[in-house]
Amino acid sequence: MARSRRRITRSATQKSPERSPSSSRSSLTPMEDEAEPTQAESAPTKTDEDMCPSCREGVQGEKSSWIRCDACKIWFHWACVGDGSDLESINKWFCGPCMTEKPSRVMTFKVPARKSSRKRTQLDYANLNAGVESDPSRWLRVIQSKPIKDDNFRRMKGADVGLEWLENDETAMREPIVVENPEGLRMKMPPPEFSVQDVADEVGHETPVEVIDVASQSNSPGWTLGRWAEYYNTEPSKRDKIRNVISLEISGTKLADQVLPPRLVRELDWVEKFWPSTRKGKGHAYPKVQLYCLMGVASAWTDWHVDFAGSSVYYHILRGCKVFYFIRPTPANLQAYERWSGTEMQSNVWLGDMVDEVVKVTLHAGNTMIIPTGWIHAVHTPVDSLVFGGNFLHSYNIATQLKVMDIEKATHVPKKFRFPLFVKLCWYVGDKYLRDLKSKEEFPPRVLESLEALARFLVSESQAMERGTEVAKREAKENVPSDRVKDAPALARELRWRVRLAAGATSDDEDLGHPVQKNMVNGHKRKRSPASAAVGVQFRNFQPKGWDVVNELPRESDKRVVNIHRPKTSDIWEREWTEWSKESEDQAQEERATVEETRDVMIKVRKTEDGVERQRIERVMEKWVWKAEFSRPEGDFQDVEMKPIEDAPLGCEEVTKEEEQGTEVHVISPLETTQAMEVSA
């Protein structure tokens, strides 16, 4: 039963009977909104239900609000039983007798409503208790006393910022870069004299725009571009407040024809590369995040944030100046940001005090900056400024993009402020990469590592469809683009398998879902040996299926002493010891070996159309050690160079029980008194 149906208030003069669960109206809806009662219903007949059990004569206060005990379902005047709390904030409430009957029953409160992590009402530190509105310059004064480092980010030429840079430089797109001159970036921007008034003329004076009150970091409703242009052009001393515009997306407008992102952005952007062109434009819902116009006046401040879904950003200063404060997205810093975001700390704690360092970058007119995935940043506007930029997702750091999305979920960022249609876009990306992998296209190691994270995410979405709650199943299915993806779970699992094969991992389904074991030399796949190539041919079209149950039994250990000779000559000992039969103990032997044995058993079970499949994998490890003093005769057990035995691949559907056997020999110098041999299976 929904909690809102238990959390009910009602008028004392029109107290309705308890509604059935099938009622479509929320129980929090005021009673005055209901239909007029009939003559019989409005008759002033006073029953036990109309009485408050705790009513006492002489109690002062408003008695028009009622509350119902969640245990006994009896109604009470809040004025008679309340403790002064806000009635609308209560989640669960129990009357005194019910709490006495069961002490575990306690009153709980609803989680406070949360706004965007970027547009949150802020309070002035010095006046938190006094309730005075924030000072828009508060952060600037805080910064003066904080350790801020000047940046050492790369300054690059526009012509060098392209896909070839990413493919040849392992550090590319890991730190922000600054391009001081836009020449060579192959982007298009309005002329330098372009103004905010021109923005209003091109996009439309009546176009609604979200305006942020810098003092409170909250939205100011009712603004249009025409009104904003008037405000922006007002003398700074006559402006009523410091305001900022950071979310005007201009796709589909006349102004969009004058803006083209840098070449690198277009080469990487998931929306540009993977979202079907037939499903863009008017009449189609698609992620419109590529073209933003940002307009801020002097002293504007945008608080710490990470761009939605960890998306990367290109940022071009057309007019004015911007000062960025950056925090590197290390795991520890992202964890600190998650603790800070969406809590009271966001109002009274400088995030820079919770991280390793803060770096400052100043951009001037004509500068362009590219901010990589996940970088935490705040922005100060020293003078009136006009900026064009946009967000884009790419395939070189998918893991961090997904990590930021998890942070958004954990901090309850409303969907309105998340990357639009993010999961659907991931399915389009996965579908395209799967087709490329099938056609044997090769990818850089960074992309393959990122695709492993994407595949795991899509598999988790598939598991939600298969085993989630009804709500989770419905939401996961709605995020699948049916025009391209017909069998989402099969696509996700095949993508995961093929990514691992492309990265040089085994095709055994046991390994799937674990970090990729790279098989690279100087950034290229290592050529297979003839033996491993044969395995690849055998399993070329093998698509592993998941197991419903994987049970690892407790490890068994055993230790015994055996009368047995050491391995003799190199011509005989290998054949004797690779038979893996019960050792033949010779009581006449003076040499004795201590044998330590461990046994691991894994059992896998899954349902099939015809019944059940079961697989048992047993691994035995033996360590043989001879303790007796000896001197090795010449020719006995010479040093042997052993080559590793190729592992037999697991997971074949026809195999129901598997054993792996191999031998590894370590020869100890004659000067030592102990000779050890390990036999592993």
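Thresholds, definitions, all that
Residues numbered from 1 in each chain as written. Predicted model: local features only at pLDDT ≥ 70, side-chain atom pairs only at ≥ 80, totals over all residues. Heavy atoms only, no water. Axes fitted to C-alpha atoms, helices over the stretch in contact; angles between N-to-C directions. Helix = DSSP H or I, 4+ residues; strand = E, 2+ residues; numbered from the N terminus. Parallel < 35°, antiparallel > 145°, perpendicular 65-115°, else oblique. Left-handed = near helix turned anticlockwise from the far one by under 90°. Contact = heavy atoms within 4.5 Å. Nonpolar A, V, L, I, M, F, W, Y, C, P; charged D, E, K, R; others polar. Buried < 20%, exposed > 50% of the residue type's maximum accessible area, 1.4 Å probe, protein only. Disulfide = S-S within 2.5 Å. Expected span 1.5 Å × (residues − 1). Polar contact = N/O pair within 3.5 Å; in protein donor to acceptor, adjacent residues only side chain to side chain.

A. View of the packing of helix α13 (residues 422-438) against helix α16 (residues 488-502). Relative to each other, α13 and α16 sit at 50°, their axes nearing to 9 Å. Classified by the angle their axes make, α13 and α16 are oblique. The way α13 lies across α16 gives a crossing that is left-handed. Here α13 contributes W427, G430, D431, Y433, L434, L437 and K438 to the contact with α16, which in turn contributes A488, L491, A492, E494, L495, R498, V499 and A502. Classifying every residue of the contact of α13 with α16 by side-chain character gives 10 nonpolar, one polar and four charged.

B. Examining unusual backbone geometry more closely. Of note in this structure, K73 is not a glycine but carries a positive phi near 65°. Structurally, K73 can be placed in the loop between β1 (66-68) and β2 (75-77). Looking at K73, the relative accessible area reads 34%, which means it is partly exposed.

C. Quick peek at the state of the cysteines. For the structure shown, the criterion picks out zero disulfides. You can see C69 has no disulfide; the closest cysteine sulfur is in C72, sitting 3.6 Å from it. C98 provides the cysteine sulfur closest to C95, a residue in no disulfide bond, and the two sulfurs are 3.4 Å apart.

D. View of α16. Along its 15 residues, α16 runs 21 Å from first to last C-alpha, staying within 8% of the 21 Å computed at 1.5 Å per residue. For α16, the buried fraction is high: 12 of the 15 residues fall into the buried class. Residues A488, P489, L491, A492, E494, L495, R496, W497, R498, V499, R500 and A502 constitute the buried set of α16. Where α16 starts, the residue carrying a side-chain oxygen 3.3 Å from the main-chain nitrogen of A490 turns out to be D487. In the stretch just after α16, G504 is the one whose phi turns positive, near 95°.

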